[in-house]
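Spelled out from the first residue to the last, the chains are:
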Amino acid sequence: MAGVVLLTVLLAVSAWTGELVKLRDDDSYSEEMLVHPLRSGDIAATFQFRTRLDADLRKEKVSHYRLFPKVLGQLISKYSVQELHLSFTQGFWRTKSWGQPLQQAPTGAELWVWFQDSVTDVNKNWKELSNILSGIFCASLNFIDSTNTVTPTASFKPLGLANITDHRLLRYATLPREIVCTENLTPWKKLLPCGSKAGLASLLNAERLYHSSYHSQSVHIRPVCRNANCSNVSWELRQALTVVFDMYSSGLGKRDWSLFKMFSRTITEICPLASQSKIYVDNSGWDKVPLFELNPPTSLESKVAVHGDYRVYAVYDLLQPGIFSTSRNLNVALKWKGGIVEPGQPKPQLFYADRYVSGYGLHTGVINTIVFNNHPYRAYPVLLMETVPWYLRLYVHTLTITTKGKENKPSEYFLL
């Protein structure tokens, strides 16, 4: 009798395992990391994790989640979210010294959401959604209300699938004074299929990330096409994290660096759920002069055009057999060839902007926005959106725009 019971249990386990293997053909997860040495002496590292759910949350009810976070899937279905973009940033990206960032994000917290056209009360869904996101990411998003929420009419466009662009379905809010800390990072890492236990996410040491010049983490959710004719729709969750380390203030004094020096950790194992796991190191050098060598060496390279300039990236494929053959960990290191190189400025960015406040009070207080266009002959139209607190009174008749020393007038402006 015991043998019969055991045989039945084994058959049930086999059937359940077969169903699990079948489910693995649907969802997908990939991760990558880009390391970019900056001419200012800093090191920029950007992580990107993509999780795809092969189901249309707008039309069908999903009861099983394997890789895609269930808490976000239920959030999309309940509040009819078309797109969601959330970022937490600490520090200021120095465009003039570091170059153009891969992704723009303001200081503090930023949230903007597109809702589906089936939503009848957008403001209600927006308020409840921000409160729930506040609990998920341990942030102060519950302070988002009608006083700091705007509905942009032209500044944003959907980044995923959208049949129409109705800005009445869009809500945008920022919390510039939001302090980013470990409480925001921990729930962010828990959304990853392997968490921070394996793969590239194992490098995300909070003590090192917040001991940096700049730190920004974001969550982006959107519907994407699953096939060429877009007859089937999938949902993509993209988690990005960018950090800039100041190697001089860290006491290193040299431009030599490694993963261990940056994160106090090395990669010991891959994430078994990842279909792609790669590290890209910018090996282009400056002024077409190779200034460093990588250890361990790799034969994989990738050439990509970035802002009109070709960059060469050394590629480490963590899923490649033998990547951990020599040792049980991977510690990519960079060794400078010609000693210490004097800091220099990168090539002037084609188009960027700076903003600062000068003066004080209602009489001398000024908000300065400087837009730089370094193109030799082309002019670009500029669309500027400004969110003004309710307690700050602006006088539109004092608005002045100066271009090359001459006064310029806007073609049109909207006050909401």
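It should be noted that the structure appears before, not after, this text.
To keep things clear, this report deals only with the structure shown in the data block. (Residues numbered from 1 in each chain as written. Predicted model: local features only at pLDDT ≥ 70, side-chain atom pairs only at ≥ 80, totals over all residues. Heavy atoms only, no water.)

1. Quick notes on the overall build of the chain
Regarding its fold elements, the chain presents eight helices and 18 strands. Across the 416 residues in the chain, those meeting the buried criterion constitute 40%. Residue pairs in contact within the chain that sit at least 24 positions apart in sequence constitute 70% of those at least 6 positions apart. On the chain, roughly 24,200 Å² of surface is accessible, and the fraction owed to carbon and sulfur atoms is 54%. (Helix = DSSP H or I, 4+ residues; strand = E, 2+ residues; numbered from the N terminus. Buried < 20%, exposed > 50% of the residue type's maximum accessible area, 1.4 Å probe, protein only. Contact = heavy atoms within 4.5 Å. Areas by Shrake-Rupley, 256 points an atom, 1.4 Å probe, with all protein chains shown as cover.)

2. So, helix H4 (residues 122-136)
A rise of 1.5 Å per residue sets the reference length of H4, with its 15 residues, at 21 Å; its end C-alpha atoms lie 21 Å apart and thus fit the reference within 8%. For H4, the complete set of buried residues consists of Val 122, Asn 125, Trp 126, Leu 129, Ser 130, Leu 133, Ser 134 and Ile 136. Those residues of H4 that are buried are in contact with helix H2 (70-79), strand E3 (81-90), strand E4 (108-115), strand E5 (149-150), strand E6 (170-175) and helix H5 (182-190). You can read the cap of H4 off the contacts: a side-chain oxygen lies 3.4 Å from the backbone nitrogen of Asn 123, and it is on Asp 121. Looking one or two residues beyond H4, the residue adopting positive phi is Cys 138, at roughly 50°. (Expected span 1.5 Å × (residues − 1). Polar contact = N/O pair within 3.5 Å; in protein donor to acceptor, adjacent residues only side chain to side chain.)

3. Here's the deal with the state of the cysteines
Joining two cysteines, a disulfide is a covalent bond between their sulfur atoms. Counted by the stated rule, this structure contains two disulfides. Shown here is the disulfide that connects Cys 194 with Cys 271, its sulfur atoms set 1.9 Å apart. Negative torsions about the S-S bond denote left-handed disulfides, and the value of about 75° found for Cys 194 with Cys 271 makes this one right-handed. Here Cys 194, found in the loop between H5 and helix H6 (206-209), pairs with Cys 271, found in the loop between helix H7 (259-263) and strand E10 (276-282); they are 77 residues apart in sequence, far enough to count as distant. A relative accessible area of 14% means that Cys 194 is categorised as buried. Cys 271 sits in the buried class, given a relative accessible area of 1%. (Disulfide = S-S within 2.5 Å.)

4. Considering the pattern of salt bridges
Inspection of every chain in the model, using the stated rule, returns eight salt bridges. For Glu 236, the salt bridge goes to Arg 50, with nearest N and O atoms at 2.7 Å. You can see Glu 236 sitting in strand E8 (residues 233-246) and its partner Arg 50 sitting in strand E2 (residues 42-53), a full 186 residues away along the chain. Since its relative accessible area comes to 11%, Glu 236 is described here as buried. (Salt bridge = Lys/Arg side-chain N within 4 Å of Asp/Glu carboxyl O.)

5. Some thoughts on the pairing of strand E1 (residues 28-37)
When E1 meets E2, the two strands line up antiparallel, connected through ten bridges. From the neighbouring strand, Pro 37 faces E2, where its bridge partner is Ile 43. Following E1, the chain reverses through four residues before pairing antiparallel with E2; Gly 41 in that reversal takes a positive phi of roughly 100°. Pairing analysis gives six bridges linking E1 to E10, with the strands arranged parallel. (Pairing = 2+ DSSP bridges.)

6. Quick look at the sheet that holds strand E9 (residues 257-258)
A sheet is described by the order of its strands in space; here three strands give the open sequence E9-E14-E11, paired in antiparallel fashion. Either end of the sheet is taken by a strand with one partner, and the two such strands are E9 and strand E11 (292-295). Bridge analysis of E11 against strand E14 (residues 333-336) gives four bridges, and the strand direction is antiparallel. Residue Phe 292 lies in a different strand from E14, and its bridge partner there is Trp 336.

7. So, H5
All of the buried residues in H5 are Asn 184, Leu 185, Pro 187, Trp 188 and Lys 189. Buried residues in H5 make contact with E2, H4, H6, strand E7 (214-225) and E8.

8. Structural notes on unusual backbone geometry
Following Asn 295, the chain continues to Pro 296 via a peptide bond in cis, the omega torsion being 0°. Along the chain, Pro 296 turns up in the loop between E11 and strand E12 (301-306). Despite not being glycine, Lys 404 has its phi angle at roughly 55°, a positive value. By the element assignment, Lys 404 lies in the loop between strand E17 (401-403) and strand E18 (406-408).

9. A look at the sheet that holds E2
Taken together, the eleven strands give an open sheet; going across it, the order is E5-E6-E4-E3-E7-E8-E2-E1-E10-E13-E12, and neighbouring strands pair in mixed fashion. Of all strands in the sheet, those with a lone pairing partner are E5 and E12, marking the two edges. The pairing of E10 with strand E13 (residues 309-317) spans five bridges and is antiparallel. Within the sheet, the bridge partner assigned to Ile 279 lies in E13 and is Tyr 316. Strand contacts of H2: E3, E4, E7 and E8, with the helix running at about 130° to E3, the strand carrying the most contacts. Each of E3, E4, E5 and E6 is contacted by H4, which is oriented at about 140° to E4, the strand it contacts most. (Axes fitted to C-alpha atoms, helices over the stretch in contact; angles between N-to-C directions.)

10. Side note on the nonpolar core
Among the nonpolar cores identified, the biggest contains 78 residues, and Met 33, Phe 47, Phe 263 and Ile 279 are the most heavily contacted of them. Leave out the neighbours within four places in its chain, and Phe 263 touches Met 33, Ala 45, Phe 47, Leu 203, Asn 205, Arg 208, Leu 209, Val 243 and Phe 245. Judged by nonpolar contacts, the second largest core, of six residues, contains Leu 38, Ala 44, Trp 98 and Tyr 214. (Core = buried A, V, L, I, M, F, W, Y, C linked by side-chain atoms within 4.5 Å.)

11. Notes on the packing of aromatic side chains
The geometry of an aromatic ring pair is captured by two quantities: the separation of the ring centres and the angle between the planes. The full count for this structure, using the stated rule, is twelve aromatic pairs. Judged by centre distance (5.1 Å) and plane angle (35°), the rings of Phe 156 and Tyr 172 are tilted. Of the two residues, Phe 156 is situated in the loop between E5 and E6 and Tyr 172 in strand E6; the sequence distance between them amounts to 16 residues. Per residue, the accessibility class of Phe 156 equals that of Tyr 172, and both read buried. (Phe/Tyr/Trp six-rings, centres within 6.5 Å; stacked < 30°, edge-to-face > 60°.)

12. Some words on a nonpolar patch on the surface
A cluster of nonpolar residues, Val 357, Ile 367, Trp 390, Tyr 391, Leu 392 and Leu 394, forms a patch on the protein surface that exposes about 700 Å² of accessible area. Checked against the element boundaries, Tyr 391 lands in the loop between strand E16 (366-373) and E17. (Patch = residues over 30% accessible without salt bridge, like charges linked within 9 Å, V, L, I, M, F, W, Y side chains within 5 Å.)

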